[in-house]
Amino acid sequence: MPQVPAATPRSRVQVPLSFPDGYRVDAELVTFHGLADGREHLAVVLGDPGPLPLVRLHSECLTGDVFGSARCDCGPQLREAVERIAERGGVLLYLRQEGRGIGLYNKLDAYALQDQGLDTYEANAALGLPEDARNYTAAAQMLGALGVDALDLLSNNPDKAEQLRALGVDVRDRVPTGVFATDHNVRYLRAKVLHTRHTLPLAELSVG
């Protein structure tokens, strides 16, 4: 098991969150010193985390989280995760990993190739990029700095749980998120099931 260098909390600030559908909740935002990749990742502490908090690793998605793009399910997943974590108590790690780690411009280049018929993974490969460039060492560091060593993970992605376990985090259970399929993202969701074993009901994700 790799030795993960320790990170430390840098600042903590209380921020009231408000979503377009009217949902509101108070959160504590935590920044960190010493993250392995040097990026400005953020922990969003919600509710009253107990000894087994609910945790989500949410990769930044400007198009989905901010602009409400229907080409992915990121915005609805973020909204759902905040409420579910607040109800139980836990942490959402907002990770600066746009486009599964390839960056915003490359993600939009991949969108253009998807418009020509490639799926999201094939488009990355056509650009000479990895299907998924994300590494969760910083996430493990953040959890350690917050004193979280055991958790339930809110995710459909088995790779997140596998990476965290390999980094020494005790992932007790992986809790699936909802399914947020639209006419615009159903091919994207099917590709996640077929390429990377996401736990989504494939039969319900028919391409119209």
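Cut-offs and rules
Residues numbered from 1 in each chain as written. Predicted model: local features only at pLDDT ≥ 70, side-chain atom pairs only at ≥ 80, totals over all residues. Heavy atoms only, no water. Helix = DSSP H or I, 4+ residues; strand = E, 2+ residues; numbered from the N terminus. Buried < 20%, exposed > 50% of the residue type's maximum accessible area, 1.4 Å probe, protein only. Areas by Shrake-Rupley, 256 points an atom, 1.4 Å probe, with all protein chains shown as cover. Polar contact = N/O pair within 3.5 Å; in protein donor to acceptor, adjacent residues only side chain to side chain. Contact = heavy atoms within 4.5 Å. Pairing = 2+ DSSP bridges. Axes fitted to C-alpha atoms, helices over the stretch in contact; angles between N-to-C directions. Expected span 1.5 Å × (residues − 1). Salt bridge = Lys/Arg side-chain N within 4 Å of Asp/Glu carboxyl O.

Participant: What is the right way to read the overall build of the protein from this model?
Facilitator: Within the protein one finds 7 helices and 7 strands. Along the protein, helices (α) and strands (β) appear in the sequence β-β-β-β-α-α-β-α-α-α-β-α-β-α when read from the amino end. Split into buried and exposed, the 208 residues of the protein put 50% on the buried side. Accessible area of the protein: about 10,100 Å², with a carbon and sulfur share of 52%.

Participant: Explain helix H5 (residues 137-145) here, please?
Facilitator: The element H5 is largely enclosed, with a buried count of 8 among its 9 residues. Taken residue by residue, H5 has Thr137, Ala138, Ala139, Ala140, Gln141, Met142, Leu143 and Ala145 as its buried positions. Count one or two residues on from H5 and you reach glycine 147, which has phi positive near 80 degrees.

Participant: Sorry if this is basic, but what is going on with the side chain of asparagine 156 here?
Facilitator: By the secondary structure assignment, asparagine 156 is in the loop between strand S6 (150-154) and helix H6 (158-166). Of the polar contacts made by the side chain of asparagine 156, one reaches the side chain of threonine 177; its length is 2.7 Å.

Participant: Can you help me understand the environment of leucine 93 in this one?
Facilitator: With respect to the helices and strands, leucine 93 occurs in strand S5 (residues 90-95). Taking the relative accessible area as the measure of exposure, leucine 93 reaches 0% and is therefore buried. Remark: the alpha-carbon pair of leucine 93 and valine 55, spanning 38 residues in sequence, is separated by 7.5 Å. Among all residues touching leucine 93, those that are not within four sequence positions of it are Leu42, Ala43, Arg56, Leu57, His58, Ala139, Met142 and Leu143.

Participant: Help me out: how do you make sense of the sheet that holds strand S2 (residues 24-33) in this one?
Facilitator: Sheets are built from strands that pair by backbone hydrogen bonding, the pairs being arranged parallel or antiparallel. Taken together, the 7 strands give an open sheet; going across it, the order is S1-S2-S3-S5-S4-S6-S7, and neighbouring strands pair in mixed fashion. Of all the strands in the sheet, just strand S1 (8-18) and strand S7 (170-175) have a single pairing partner and so form its edges. Along the sheet, successive strands turn relative to each other by an average axial angle of 30 degrees, direction set aside. The sheet contact formed by S1 and S2 spans 10 bridges and is antiparallel. Each residue of the ladder has a partner; that of arginine 12, found in S2, is valine 30.

Participant: Can you walk me through helix H2 (residues 74-88) in this structure?
Facilitator: Because each turn of an α-helix spans 3.6 residues, side chains separated by three or four positions end up pointing in the same direction. Compared with an ideal rise of 1.5 Å per residue, which puts 15 residues at 21 Å, H2 spans 21 Å between its outermost C-alpha atoms and is within 8% of the ideal. When H2 is considered as a whole, its buried residues turn out to be Cys74, Gly75, Gln77, Leu78, Arg79, Glu80, Ala81, Val82, Ile85 and Ala86. Glycine 89 sits one or two residues past H2 and shows a positive phi near 100 degrees.

Participant: Which parts of the structure should I look at to understand the pattern of salt bridges?
Facilitator: Any two side chains of opposite charge can pair, so long as their charged atoms come close to each other. Evaluated as defined, the whole model comprises 10 salt bridges. With its nearest N and O atoms 2.7 Å apart, the salt bridge here joins arginine 88 to aspartate 152. On the criterion of sequence distance, the pair formed by arginine 88 in helix H2 and aspartate 152 in strand S6 is long-range, its members being 64 residues apart. Residue classification places arginine 88 among the partly exposed residues on the basis of a relative accessible area of 38%. Residue aspartate 152 is classed as buried on the basis of its relative accessible area of 9%. A salt bridge links arginine 172 to aspartate 170; its shortest N-O distance comes to 2.5 Å. Relative accessible area serves as the criterion here: at 31%, aspartate 170 is assigned to the partly exposed category.

Bear in mind that shape data such as this cannot, by itself, settle questions of function.
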